[in-house]
Amino acid sequence: MHTLLLKKSPFPEVTMQEIVQQIKGKQVAQKKFPFLLKEGIIFPPQLNLEQSSSEKTAQYKSGILKGKKFIDLTSGFGIDAYYLSENFEEATLVEQNAELLKIVQHNWTVLGKKAVFINEKLENFLNENKKNFDVIYLDPARRDENKNKVFLLEYLSPDIIEIQEKLLSISSEVVIKLSPLIDLKYLISVLPHIFRIEIIALKNDVKEVVVFLSEKKSGEILCNCVNLETEESPFSFNFGEEKNVHADFAEPGKFIYIPNNSVLKAGTFNLLSKKIGLKKLHPNTHLYTSDNKISDFPGRVFEMEIIDAKQIKKKSQYNIISKNYPLKPEEIKNKYSLKDGGENYLIFTQSKKGKIILKSV
């Protein structure tokens, strides 16, 4: 890419920077949103590509929402809006970056999809708007004036805490995409109208925490944990269930279970044990066990046996997992002179009786 930038553009009306931008855009699209790999599509600068949702997470969210009028108040490159508006009769996209909105409008024309495009700051739009919507969607900017990452809602742009009542006055449902690092208890404390939370992982990498607000909220808050592009089952629960649940403990049985990262993010370690019928190894070890295999577990399942450290042969190859154990995987690898990878696993962990090593069978 750097070499290309030093060359002269073969097209008088197009700069080499613009050509490189399109090449980079196609490279990102191949992994992140392949539906845009069509002739005539224009890609925005790198930062806009990085800030966009992936096609997979947008598709998942689209299956949750439906109605007549949909509006995305922070549309960006429009990936979420493209999919989330599928089950609506009308779509409106608000974006303050005029050049970015032109690109989105062009691409939607190429893709044969219609919408109302509004180049306006969100705050100005809300002050002037007279319409109601079935669903409002927002993906607030998570960087401050110095480009540092921020997480608390009052530091986002827009300030969600400040505008939540205004949003709910013009829509029966407000959906907000947030950082995967956001604290769930904090969210519930500052957003009283939450009725649903989605923790969305893609191949075990938590990408988004999405909250759903409604003035008609009643009862407990539903939380749904999913791990897209895997065969793992989703895990759903109501907030408040965990505090009254106590896990049962046992030494390792025939099968060991490792929850996926969307479940770990939810923090319902005892509830997971009770709901699925598994026993924990230790209060601080989020590993579970059973003698009979449970196939619909939201995570990985291994058939394992306890071994002694003396049974580990030097220079053998293993995938090393360390959970509630003093040494990190890299330190374990060096201590036992092991190679990474292969089909076999070693888990270094603790049960209530103390430190143990588990080997896949």
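Scroll up a little and you will see the structure.
Each value, and the rule that gives it
- Residues numbered from 1 in each chain as written.
- Predicted model: local features only at pLDDT ≥ 70, side-chain atom pairs only at ≥ 80, totals over all residues.
- Heavy atoms only, no water.
- Buried < 20%, exposed > 50% of the residue type's maximum accessible area, 1.4 Å probe, protein only.
- Helix = DSSP H or I, 4+ residues; strand = E, 2+ residues; numbered from the N terminus.
- Pairing = 2+ DSSP bridges.
- Right-handed = clockwise from strand over helix to strand, strands pointing away.
- Core = buried A, V, L, I, M, F, W, Y, C linked by side-chain atoms within 4.5 Å.
- Phe/Tyr/Trp six-rings, centres within 6.5 Å; stacked < 30°, edge-to-face > 60°.
- Salt bridge = Lys/Arg side-chain N within 4 Å of Asp/Glu carboxyl O.

Burial of strand β2 (residues 90–95) is extensive: 5 of the 6 residues sit out of reach of the surface. Both strand β1 (residues 69–72) and β2 contribute to a ladder of 4 bridges, which runs parallel. For Ile 71, the partnering residue across the bridge sits in β2 and is Thr 92. Crossover handedness for the path β1 to helix α5 (residues 79–84) to β2: right-handed. Pairing geometry for β2 and strand β3 (residues 116–119), over 4 bridges, is parallel. Looking across to β3, one finds that Leu 93 is bridged to Phe 117.

This brings us to the nonpolar core. Grouped together as the largest cluster of nonpolar side chains are 51 residues, with contacts concentrated most on Leu 73, Ile 136, Leu 138, Leu 153, Leu 187, Ile 197 and Val 211. Counting residues in each nonpolar core, the second largest holds 36 residues, with Phe 33, Phe 88, Leu 100 and Val 175 among its members.

Glancing now at the packing of aromatic side chains. Summed over the entire model, instances satisfying the criterion amount to 16 aromatic pairs. Where Phe 195 meets Phe 212, the ring centres are 6.2 Å apart and the plane angle is 65 degrees; that geometry is what we call edge-to-face. One end of the pair, Phe 195, is in strand β6 (residues 194–202); the other, Phe 212, is in strand β7 (residues 205–213), and 17 residues separate them in sequence. Of the residues examined, Phe 212 reaches a relative accessible area of 2% and is grouped as buried. A centroid spacing of 5.8 Å and a plane angle of 35 degrees characterise the contact between Phe 235 and Phe 237, whose relative ring orientation is tilted. Note on Phe 235: relative accessible area 5%, which makes it buried. With a relative accessible area of 2%, Phe 237 lands in the buried category.

Moving on: the pattern of salt bridges. With the rule as written, the count across this model stands at 14 salt bridges. A salt bridge links Lys 61 to Asp 80; its shortest N-O distance comes to 2.9 Å. Within this pair, whereas Lys 61 is found in helix α4 (residues 55–62), its partner Asp 80 is found in helix α5, the two being separated by 19 residues in sequence. Judged by its relative accessible area of 3%, Lys 61 is buried. Owing to a relative accessible area of 5%, Asp 80 belongs among the buried residues under this scheme. For Lys 203, the salt bridge identified is with Glu 229, shortest N-O distance 3.5 Å. Here Glu 229 lies in the loop between β8 (222–228) and β9 (235–238) and Lys 203 lies in the loop between β6 and β7, a separation of 26 residues in the sequence. Within this structure, Lys 61, Asp 80, Asp 139, Lys 177 and Glu 208 form a network of salt bridges that share partners.

Note that every value here comes from positions in space, so none of it alone points to a role or purpose.
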